[in-house]
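Structural characterization, general
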Amino acid sequence: MTTLYVSDLDGTLLRSNETTSEYTNSIINGLADRGMIFSYATARSLITAKKVTNGIKAKIPLIVYNGAFIIDNVTDDILVANYFDESVKDVLDELFTNQVYPIVYAYIDEKEKFSFVPELCTIGMNKFLNSRRGDIRTNAVKSVDDLKYGDVFYITCIDSSGKLKPIYDKYKNIFHCVYQKDIYTNEQWLEIMPLAVSKSNAIKQLQKLLKCDKLVVFGDGKNDIDMFELADESYAVQNAHEELKKYATAIISSNDEDAVAHWLEKNYIWQIQVCRIKKIGIFEEIDIKWPSN
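Cut-off values and rules
Residues numbered from 1 in each chain as written. Predicted model: local features only at pLDDT ≥ 70, side-chain atom pairs only at ≥ 80, totals over all residues. Heavy atoms only, no water. Salt bridge = Lys/Arg side-chain N within 4 Å of Asp/Glu carboxyl O. Helix = DSSP H or I, 4+ residues; strand = E, 2+ residues; numbered from the N terminus. Buried < 20%, exposed > 50% of the residue type's maximum accessible area, 1.4 Å probe, protein only. Phe/Tyr/Trp six-rings, centres within 6.5 Å; stacked < 30°, edge-to-face > 60°. Core = buried A, V, L, I, M, F, W, Y, C linked by side-chain atoms within 4.5 Å. Pairing = 2+ DSSP bridges. Axes fitted to C-alpha atoms, helices over the stretch in contact; angles between N-to-C directions. Contact = heavy atoms within 4.5 Å. pLDDT = per-residue confidence, 0-100. Disulfide = S-S within 2.5 Å.

For the rest of this paragraph, the subject is the pattern of salt bridges. Per the stated rule, a full pass over the model turns up 19 salt bridges. Close ionic contact of Lys199 with Asp8 constitutes a salt bridge, the shortest N to O distance being 2.9 Å. Of this pair, Lys199 sits in helix α7 (residues 199-210) while Asp8 sits in strand β1 (residues 3-8), placing them 191 residues apart in sequence. The same class applies to Lys199 and to Asp8, which are both buried. Note that Lys246 is salt-bridged to Glu243, the shortest N-O span being 3.2 Å. What makes Lys246 exposed here is its relative accessible area of 64%. Sharing partners across several salt bridges, the network here consists of Asp8, Lys199 and Asp224.

This is how it looks when you write it as structure tokens:
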């Protein structure tokens, strides 16, 4: 049986300072060299995901933008892509009517861009944009109509809950919507994606691509529930949202204690040893129980 291991990034694999520790880097790189099939699934873009995980050198596929893309970590080639159809223009018009002016992610002339109207940015949007200073994807535009240009795949709204909650309620069953507070700034976010876009759908596609039979996942947020429901085993970090913990196989230590790396170091090596023993026939008649933290 071949196992795919998938971890969320922020609040899970990353520490609170938005980095992976040297320990986590060494464990994942080392186990990947020994054959572990590992990926991470994040709402981040490829650029920011690779920036905060720059110590992970393993040749692993990456699930970014909450599953909008699966990308080859070595070549940066897009392996799977999900875009909006023309209905996205109606969604944007609805946002504008409600005085919500989002950051819109799209491929424009074959280049990834995130577009926004500077004069219409909220305080929360400016905080986010300031954290992306120097990003080659930055695309300040003159009017809201310019936000409709290109192949759109992701919409980020950062505004008051009073504005965003009604929009979430309207579209949550039509598109894949994530409505939550940002864990770093506590700003209210609403992210809108094509309905087919989710971490769980991307993981299904990746499992098929890599021919993996079993799935083990790690997470911390409510937006990880779908992949927890899909997985054979799911582990919530100690700092995870209480709602997510209800879906977990077990609770492990916190992101700041390198919980995922410790679990992988203990359990992946143990599974290799058991599989080798089973292969030579010693445990053929024994029901093996996997350890958990």
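Back to the text.
With that out of the way, let us pick up the packing of aromatic side chains. Applying the stated criterion across every chain yields a total of 24 aromatic pairs. Ring geometry for Tyr65 versus Tyr105: centroids 5.3 Å apart, planes at 65 degrees, classification edge-to-face. Taken together, the residues Tyr65 in the loop between β3 (61-64) and β4 (69-72) and Tyr105 in strand β6 (residues 103-108) connect sequence positions 40 residues apart. The same class applies to Tyr65 as to Tyr105, namely buried. Relative to Phe175, the ring of Tyr171 lies with its centre 5.7 Å away and its plane at 50 degrees, an arrangement referred to as tilted.

Before going further, it helps to examine the nonpolar core. Membership of the largest hydrophobic core comes to 71 residues, with the highest contact counts inside it found for Tyr5, Phe218 and Leu264. Core analysis: the second largest hydrophobic core is formed by 23 residues, Val88, Phe96, Val104 and Cys177 among them.

If you walk across this open sheet you meet the six strands as β8-β7-β6-β9-β11-β10, and the pairing is mixed. The sheet terminates laterally at β8 (138-140) and β10 (176-181), the two strands that pair on one side only. With strand direction ignored, the average angle separating the axes of adjacent strands in the sheet is 25 degrees. Judged from the four bridges that link them, strand β9 (residues 151-158) and strand β11 (residues 188-193) form a sheet pairing that is antiparallel. By the bridge assignment, Thr156 is partnered in β11 with Glu191.

The backbone phi angle of Glu18 is positive, close to 65 degrees, even though this residue is not glycine. Relative to the helices and strands, Glu18 resides in the loop between α1 (9-13) and α2 (22-33). In this structure, Asn186 takes a positive phi of about 65 degrees despite not being glycine. With respect to the helices and strands, Asn186 occurs in the loop between β10 and β11.

On to the sheet that holds strand β5 (residues 78-81), then. On the basis of which strands lie adjacent, the open sheet formed by eight strands has the order β5-β4-β3-β2-β1-β12-β13-β14 and mixed pairing. The two strands at the open ends of the sheet, each matched to only one other strand, are β5 and β14 (250-251). Sheet topology places β3 next to β4; four bridges connect them, and they run antiparallel. Bridging from a neighbouring strand, Ile63 pairs with Ile70 of β4. Each of β1, β2 (37-41), β3, β4, β5 and β12 (214-219) touches α7; the most contacted strand, β1, lies at about 150 degrees to it.

Once that is clear, we can look at the confidence of the model for the protein. Per-chain confidence: the protein averages 91 in pLDDT, with 91% of residues scoring 70 or above. Throughout residues 273-293 the model reports pLDDT below 50, and contacts reaching past four residues in sequence, or to other chains, amount to 20 contacts.

Relative to β5, β4 runs antiparallel, the two being bridged by three bridges. Residue pairing across strands places Ile70 opposite Val80, the latter belonging to β5. Counting the residues between successive antiparallel strands, the hairpin from β4 to β5 contains five residues, one of them, Asp76, with a positive phi of roughly 65 degrees.

Within the structure shown, the criterion is met by zero disulfides. The thiol sulfur of Cys157 is not disulfide-bonded, and the nearest other cysteine sulfur, from Cys177, lies at 9.0 Å. Taking the relative accessible area as the measure of exposure, Cys177 reaches 12% and is therefore buried.

Relative to the elements of secondary structure, Lys50 occurs in helix α3 (residues 46-52). Each C-alpha atom, one on Lys50 and one on Leu14, is 12 Å from the other, the two residues being 36 residues apart in sequence. Each residue touching Lys50, except ones within four places of it in the same chain, is listed here: Tyr40, Leu62, Asn73 and Asp76.

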